[in-house]
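Notes for the structure review
One letter stands for each residue in the lines below.
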Amino acid sequence: MEKKKGKFPFIIEERLCKKCGICVSHCPAKVFTAGPGNEPRVTNPRKCTGCNLCFFRCPDFAIQLEVSP
Amino acid sequence: MDIPVRYGDYIDWDQLPHLWCPGCGNGIALKGVALALAELNIPLHKLLLATGIGCSGRAGNYVSFHSFDGTHGRTLAFCTGINVTQPDLKIIAFLGDGDCGAIGGNHLLHAARRNLNITVIEINNFNYAMTGGQFSPTTPLSSITSTSRKGKAEYAMDTASLVAEAGANYVASTTVYHTSQLNNFIKEALLTRGFSFVEVMSSCPTYYGRYNHIGDGPEMMKWFKEKTLPRDKYEKLSLEEKQNYIERGKLVQRNREDFLTTYKKRRKK
Amino acid sequence: MKKMFLDGNVAVALGSIRAGARFFAGYPISPVSELAEFCSHEMPKAGGIYVQMEDEIAAIAAVIGASLGGKKAFTATSGPGFSLMQENIGFASMAEVPCVIINGQRFGLSTGVATKPGQSDIMQARWGRHGDQSIIALTPASVQECFDLTLEAFNLAERFSSPVIVLTDATLAHLKERIRVPDPAEIKTVKRKEPQGPPEEYKPYQPDERGIPLLSYFGSEYILKVTGLVHTEKGNVSSDPGVCASLIDRLERKIYDYQEELPPPRYYGEEKAETVLISFGISARAAREGMRRALLEGISSGLIQLQTVWPFPEGAIRRLSSHASKVIVVEMNRGQVTREVERILPEGVEVNSLLRADSEVIYPREVLEKIKEVQ
């Protein structure tokens, strides 16, 4: 997959997300903020460096590639 | 690190969401397995995920390929029969620290000694979480658990070193925080012929994190970041300083013949 | 057909290989060590594999694994090892994995007497695991039957998709007799059916009309999900009360409802005898000779020799003893089969037993004395 700086390449599937907060806390670029129920919100997509760490560290398979598998 | 887009083929999405707690590291390790399988492009029917009992034992429900969920600790003994009758099958044993260190300790040592062609992913969350957070052999000395309210009175077992000593071809340990190292170790383990073992220190915010005041999922991830050191750095510490850290990294990579090879050679005569 | 002079251990091992077994895992134990030794050199010659495991828990686990890898597989042990195996025999019942367990019974509780015979694992064979289930257990009484019934055990394991236990004992294991070994072409072997249809629709635990699932193997394009937890037809974990109930009901009935298809009891002696002996295994040999001597003395007697001990052949025993006023159960334990016989026979039939639990076999003269005593 091609890395694109400045574009958040994932979707967050609410059905699977358990709102653990790992993506919010550990994103090096602070792309996410936590909503009122601790759910992740992509509030700074342009800061995304394409490191993919949020994807790798999501324990819930909720952060998914925005491509049809 | 790039993402192999077909990783989703190895997951049974209909069974998700999984039963693991928020912030539990099991899903991170299981995803690491799926990513490695996608990268290596192994056909689904040539794969088996074998599990034991406890939280990690439920992983088989979430994969789209063959799965085997055995009795507690015996998984590698079952896998012995599977390995020798289906030598082309890639067997991934996704086990807990109880499966590996306690009830299954003997089977682990002998599977490593025989050098069966199996990859073990040990999810070491430092406690028996499915049953309510009791201490396990890998729980560090002094840790608080539901059966050691004043601190665990026993020394911890280092399963990775044991497996290395027992004769495995590949042994490494890391954490669910260090995902690029994790995913790389899993891939290297899967590429190993013979016994390979990856210890994955994993977050259990519900019990281990809570009892030991480490905190929730994100805090446990931070704890792994701060409390673990690469093996070379760790080795340079004084004995006293070592008490404060856990080492991670590769222990062994070698090329002894696997069980079926040593067996068949001696049956030809 | 070939005539061979073998002991019970070797007859069991040979019967297994002729039945198609290609995997043996075990842990050395008296009195069946020779069985493992035979497999260690004969199994590779037949294209199979012998693995010596770290204990009996691992041995039965490896056997179950090999069966799920598509091979017929078995293990052999004695009381102490049989105790260790119970955990995974339960797993095999739950996951419906065909396999055969040989228990060469030795005397006593715990380590007992390692080299002497016993028949006291009858109830353990039936109820050694936690949870409700059915199990098949066969009891050969001669070296010929060691061969024949072990062969049949593999066929039953495949047909019923279940573990099958063969109970021999220390005497039979080391008893040498001349037996008829059929040529491979004469032997009828059963192998589990292969799944059909589109692989994506395959459900390993969808039962057929007899309640038997159709397991593929690991490596097959028909994806197999195996677990010891309660599971759906697809093999996914469930704790739904309906799923629990139907699974446990099916596990019991798939064997219990078809028990007439299992090796039936043999009957010797006078038809419609007034005194009927019931025995099995090595004790049935003494019972038969004692009964023969009683007949010579003019006592109306017969013998029911059980080939299948579990499920307990209630119907056949009731039929074969329907004219008897007295029954004598002959067994080397403190009355394990006697209690079953008392349970199933109608009131009015006098149930006696000749028991021996001192590490010695029962002798024909003891049987004759007992027959006379109850007249």
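Keep in mind that what you see is a predicted model, and the values were worked out from it rather than measured.

1. Looking at the overall build of chain C
Tallying secondary structure elements over chain C gives twelve helices and 16 strands in all. Scaling as 2.2 N^0.38, a compact globule of 375 residues should have a C-alpha radius of gyration of about 21 Å, and chain C matches this with 21 Å. By principal-axis analysis of the C-alpha atoms, chain C measures approximately 70 × 45 × 40 Å. Long-range contacts, defined here as pairs at least 24 residues apart, represent 77% of the contacts in chain C between residues at least 6 apart. Element-wise, carbon and sulfur atoms account for 50% of the exposed surface of chain C, whose accessible area totals about 14,300 Å².

2. Notes on the overall build of chain B
For chain B, the helix and strand inventory stands at eleven helices and ten strands. Summarising its shape, the C-alpha atoms of chain B cover approximately 60 × 45 × 35 Å along the three principal directions. For chain B, with 269 residues in total, the buried portion stands at 64%. Here chain B has roughly 10,000 Å² of accessible surface; of this, 51% comes from carbon and sulfur atoms.

3. Thoughts on the domain arrangement of chain C
Residues and elements named next belong to chain C. For chain C, the assigned domains read domain 1 (2–186) and domain 2 (264–374). Taken together, the contact pairs 28 residues of domain 1 with 25 residues of domain 2. Both sides together, the interface formed by domain 1 and domain 2 hides about 2,100 Å², and carbon and sulfur atoms give 56% of it. Applying the counting rule to domain 1 against domain 2 returns three salt bridges. Put simply, Glu-145 and Arg-266 hold a salt bridge, and the shortest N to O gap is 2.7 Å.

4. Focus on the packing of aromatic side chains
For the structure shown, the criterion picks out 24 aromatic pairs over all chains. Aromatic pair Trp-20 of chain B and Tyr-62 of chain B: ring centres 5.2 Å apart, planes at 75°, arrangement edge-to-face. Of this pair, Trp-20 of chain B sits in the segment before helix 1 (26–40) while Tyr-62 of chain B is found in the loop between strand 1 (47–51) and strand 2 (66–69), placing the two residues 42 residues apart along the sequence. Judged on exposure class, the residue Trp-20 of chain B and its partner Tyr-62 of chain B are both buried. Seen in terms of ring centroids, Phe-24 of chain C and Phe-74 of chain C are 4.9 Å apart; in terms of plane orientation they differ by 75°. Their pairing is edge-to-face. One end of the pair, Phe-24 of chain C, is in strand 2 (residues 21–26); the other, Phe-74 of chain C, is in strand 4 (residues 72–77), with 50 residues separating them in the sequence. Considered together, Phe-24 of chain C and Phe-74 of chain C belong to a single accessibility category, that of buried residues.

5. Quick look at the interface of chain C and chain B
The interface of chain C with chain B comprises 39 residues on the first partner and 36 residues on the second. Overall, the association of chain C and chain B removes approximately 2,900 Å² of surface from exposure, summing both partners, and the carbon and sulfur fraction of that is 59%. On the chain C side of the contact with chain B, Glu-54, Phe-218 and Lys-225 of chain C bury the most area, a combined 21% of that side's loss. A salt bridge links Glu-87 of chain C to Arg-74 of chain B; its shortest N-O distance comes to 2.9 Å. Between the two partners, chain C and chain B, sit 22 residue pairs in polar contact (both at pLDDT 80 or more). Secondary structure elements with two or more residues in the side of chain C that touches chain B: helix 2 (33–45), strand 3 (49–52), helix 3 (56–68), helix 4 (79–95) and strand 10 (225–227) of chain C. Examining the composition of the side of chain C that touches chain B, we find that eight residues originate from one element, helix 3 of chain C, more than from any other.

6. Some details on the sheet that holds strand 11 (residues 266–269) of chain C
Residue and element names in this part refer to chain C. Taken in spatial order, the five strands line up as 11-13-12-15-16 in an open sheet, and their pairing is mixed. Either end of the sheet is taken by a strand with one partner, and the two such strands are strand 11 and strand 16 (350–355). Ignoring which end each strand starts from, the neighbouring axes of this sheet average 20° apart. Note that strand 12 (residues 275–280) and strand 15 (residues 326–331) share five bridges and pair parallel. Across the sheet, Leu-277 pairs through a bridge with Ile-328, a residue of strand 15.

7. Quick word on helix 3 of chain C
All names here are of chain C. The end-to-end C-alpha distance of helix 3 is 18 Å, a good match for the 18 Å that 13 residues give at a rise of 1.5 Å each. Here helix 3 lies mainly inside the structure; 13 of its 13 residues are buried. Capping of helix 3 at its N-terminal end is provided by Asp-55; its side-chain oxygen lies 3.1 Å from the backbone amide nitrogen of Ile-57. A positive backbone phi angle near 100° is found at Gly-70, which sits one or two residues after helix 3.

About the cut-offs
Residues numbered from 1 in each chain as written. Chains lettered and ligands numbered in written order. Predicted model: local features only at pLDDT ≥ 70, side-chain atom pairs only at ≥ 80, totals over all residues. Heavy atoms only, no water. Helix = DSSP H or I, 4+ residues; strand = E, 2+ residues; numbered from the N terminus. Rg over C-alpha atoms; globule rule 2.2 N^0.38 Å. Contact = heavy atoms within 4.5 Å. Areas by Shrake-Rupley, 256 points an atom, 1.4 Å probe, with all protein chains shown as cover. Buried < 20%, exposed > 50% of the residue type's maximum accessible area, 1.4 Å probe, protein only. Domains from an automatic or database assignment. Buried area = accessible area lost by both parts, 1.4 Å probe. Salt bridge = Lys/Arg side-chain N within 4 Å of Asp/Glu carboxyl O. Phe/Tyr/Trp six-rings, centres within 6.5 Å; stacked < 30°, edge-to-face > 60°. Polar contact = N/O pair within 3.5 Å; in protein donor to acceptor, adjacent residues only side chain to side chain. Pairing = 2+ DSSP bridges. Axes fitted to C-alpha atoms, helices over the stretch in contact; angles between N-to-C directions. Expected span 1.5 Å × (residues − 1).

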